[in-house]
Amino acid sequence: MARDRYRQIKENSELTQLLQEHRQELRRYAFQSVDFAAVPELALRHVYRECLFLSCKLPMGLKRQSRDCLFLPNMGETFSFPTHLYSPEELYDGYSPDVPKSYEKCYDGRVYRHYLKKGKQVTDIKETLARTLHDHSVSDCLHDYLARFDERCLVGVMGGHGLSRQDASYSMVARLSKRLTEAGFLMITGGGPGAMEATHLGAWMAGRSEEELQEALSVMRVAPFYTDPLWLPTAWQVHDSYPNMGYESLGIPTWLYGHEPSTPLATHIAKYFDNSIRENGILTIARGGILYTPGSAGTLQEVFQEAVQNHYLTYGYSSPMIFLNKAFWTERVPVWPLMMKLVDNGTYKNLILCLTDSDDEVIRVLRGEQNG
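Analysis parameters
- Residues numbered from 1 in each chain as written.
- Predicted model: local features only at pLDDT ≥ 70, side-chain atom pairs only at ≥ 80, totals over all residues.
- Heavy atoms only, no water.
- Helix = DSSP H or I, 4+ residues; strand = E, 2+ residues; numbered from the N terminus.
- Rg over C-alpha atoms; globule rule 2.2 N^0.38 Å.
- Buried < 20%, exposed > 50% of the residue type's maximum accessible area, 1.4 Å probe, protein only.
- Contact = heavy atoms within 4.5 Å.
- Pairing = 2+ DSSP bridges.
- Axes fitted to C-alpha atoms, helices over the stretch in contact; angles between N-to-C directions.
- Polar contact = N/O pair within 3.5 Å; in protein donor to acceptor, adjacent residues only side chain to side chain.
- Salt bridge = Lys/Arg side-chain N within 4 Å of Asp/Glu carboxyl O.
- Core = buried A, V, L, I, M, F, W, Y, C linked by side-chain atoms within 4.5 Å.
- 1 Å grid on protein atoms, 1.4 Å probe; cavity = no way out; pocket = protein on both sides within 12 Å on 5 of 7 lines; lining within 4 Å.
- Points joined across faces, edges and corners; volume = space filled by probe spheres on them.
- Nonpolar A, V, L, I, M, F, W, Y, C, P; charged D, E, K, R; others polar.

I'd like to hear about the overall build of the protein chain, residue by residue, with values.
Broken down by element type, the protein chain carries 14 helices and 14 strands. For 372 residues, the compact-globule estimate of 2.2 N^0.38 gives 21 Å, and the C-alpha radius of gyration of the protein chain, at 23 Å, lies within 12% of that figure. Expressed along its principal axes, the backbone C-alpha trace of the protein chain runs to roughly 70 × 50 × 40 Å. The buried share of the protein chain, taken over its 372 residues, is 54%. Of the contacts made within the protein chain by residues no fewer than 6 positions apart, 62% connect residues no fewer than 24 positions apart.

Structure representation (structure tokens):
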């Protein structure tokens, strides 16, 4: 029931307003990363019942006025419990494109270094709990963020992280993503390099001219792969030279692949420690459809994961599965003939499939104007 739910307080302004408006008892509130110590007199006027305090600053005496409450301190050395999705500026706080070694000192670099030091498959109970609580907070923020959108407008893009910025497919993905973003779709990827970055570049350039997109692509081509020392500096050059026009995109990267930098061209970033949460999340979030660009083993896995969800109508309806680059999906990696065979023999049902090289057809299918 609604009255049994916790009300979340994530901003200091919300906290102050709550404390000013209510008297005595506060029950079933979840306070996250807020500063009670900044308003000690207000905070100590209240009694707290069945509340959650996550990484909050508390004045002395507040715990004595609490009953059946849970207090969780900041448990990480470099990370805490986010109250909103990361922005590129927050993730790269401390990074300067002009200083090659500065990534190691920025927030993202510090967390990744801590992650490697403790171990990717950590057994220390404090560290596992801290990572789990961090990821729980990210998922909570992601849920709040996505609530702003029609779920049929959430479109995922899957593809290889090794796609070169100089490849024609990179430009194709960027151009298509720009059009889809301008058409009202929220583009979602794993937030890394390759096809993922191309998606966010297109979304970042939404509202600008084709000429400006080509200029941005020219800047990026100087560093074709994420292993190039200029990969991140050129991305930030585009970020700073072409200010965002108010359009958004969502990247969902992971520190498991921290050696692949998160693109600063995603306006909102949900970065996780647990890669399984992140991978499953993209496929469940993108209810509007999935675009498959040329990729390798990971992309193939995502094809069949999504096919299962659509076959069983896991979320009540089937979402389009669109394969970009006919030659790749029919010849080099012949998934398309296999999918057609599995549909024809009844192994898969309810799938909305499309194989195309046409931007216009992609938009029609995502709008439900054509079903494969």
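Got a sec to walk through the sheet that holds strand 5 (residues 52–54)? Specific residues and values, please.
Read across the open sheet, the four strands follow the order 1-3-5-7; overall the sheet is parallel. Bordering the open sheet on either side are strand 1 (7–9) and strand 7 (70–72), each of which pairs with just one other strand. The average angle at which neighbouring strand axes cross in this sheet is 10 degrees, direction not considered. Here three bridges tie strand 1 to strand 3 (residues 29–32), and the two strands are oriented parallel to one another. Opposite I9, over in strand 3, you have F31 as the bridge partner. Sitting on the sheet, helix 1 (residues 12–21) is in contact with strand 1 and strand 3, with an inclination near 120 degrees to strand 1.

I'd like to hear about the environment of M60, residue by residue, with values.
With respect to the element layout, M60 can be found in the loop between strand 5 and strand 6 (66–67). A residue is classified by how much of its surface remains accessible, and M60, at 77% relative accessible area, is exposed. Remark: the alpha-carbon pair of M60 and A203, spanning 143 residues in sequence, is separated by 48 Å.

I'd love a proper account of helix 14 (residues 359–366), names of residues and values included.
A large share of helix 14 lies buried, amounting to six of its eight residues. When helix 14 is considered as a whole, its buried residues turn out to be D359, E361, V362, I363, V365 and L366. Here the buried face of helix 14 lies against strand 8 (154–158), helix 6 (168–182), strand 12 (289–292), strand 13 (320–324) and strand 14 (352–356). The distance from a side-chain oxygen at the start of helix 14 to the backbone nitrogen of D360 is 3.3 Å, and the residue carrying that oxygen is S358. Following helix 14 by one or two positions, G368 adopts a phi angle in the positive range, close to 80 degrees.

Which residues make up the side chain of T254, and what values do they have?
Assignment of secondary structure puts T254 in the loop between strand 10 (249–251) and strand 11 (268–269). Residue T254 is classed as buried on the basis of its relative accessible area of 3%. Within the structure, the side chain of T254 is placed 3.2 Å from the backbone oxygen of Y272, a separation counted as a polar contact. Excluding its chain neighbours within four sequence positions, the residues that come into contact with T254 are K271, Y272, F273, D274, N275 and R278.

Give a detailed account of the pattern of salt bridges, specifying residues and quantitative values.
Opposite charge on two side chains allows them to pair when their charged atoms are near. Applying the stated criterion to the full structure yields 15 salt bridges. Measuring nitrogen to oxygen at the nearest pair gives 3.1 Å for the salt bridge that ties E25 to R27. Owing to a relative accessible area of 36%, E25 belongs among the partly exposed residues under this scheme. R27 gets classed as partly exposed once you look at its relative accessible area, which sits at 41%. For E127, the salt bridge identified is with R131, shortest N-O distance 3.0 Å. Of this pair, E127 and R131 both sit in helix 5 (residues 125–146), four residues apart, which is roughly one turn of that helix.

Before we move on, could you go through the sheet that holds strand 2 (residues 25–27) and cite the residues and values that matter?
Spatially, 2-4-6 is the arrangement adopted by the three strands of the open sheet, whose pairing is parallel. One side of each edge strand has no neighbouring strand; the edge strands of this open sheet are strand 2 and strand 6.

Go over the nonpolar core with me, naming the residues and quoting the values.
Judged by nonpolar contacts, the single largest core of 35 residues is most densely connected at L142, L250, I252, F323, W329 and M339. The element best represented in this core is helix 5, accounting for five residues. Each residue touching W329, except ones within four places of it in the same chain, is listed here: Y292, T293, P294, T299, L300, F323, L324, P334, V335, W336, P337 and L355.

Before we move on, could you go through empty space enclosed by the protein and cite the residues and values that matter?
Regions of empty space are outlined by a rolling probe, equal in size to a water molecule, passed over the atoms. Tallied over the full model, the rule gives one cavity of 30 Å³ or more. Considered as a void within the structure, the largest cavity measures approximately 50 Å³ in volume. As for the largest cavity, its lining consists of L283, T284, A286, R287, E306, Q309, N310, Y315, Y317 and S319. Elements represented by at least two residues in the lining of the largest cavity include exactly helix 10 (275–285) and helix 11 (297–311). The element contributing the most residues to the lining of the largest cavity is helix 11, with three residues. Residue composition of the lining of the largest cavity, grouped by class: four nonpolar, four polar and two charged.

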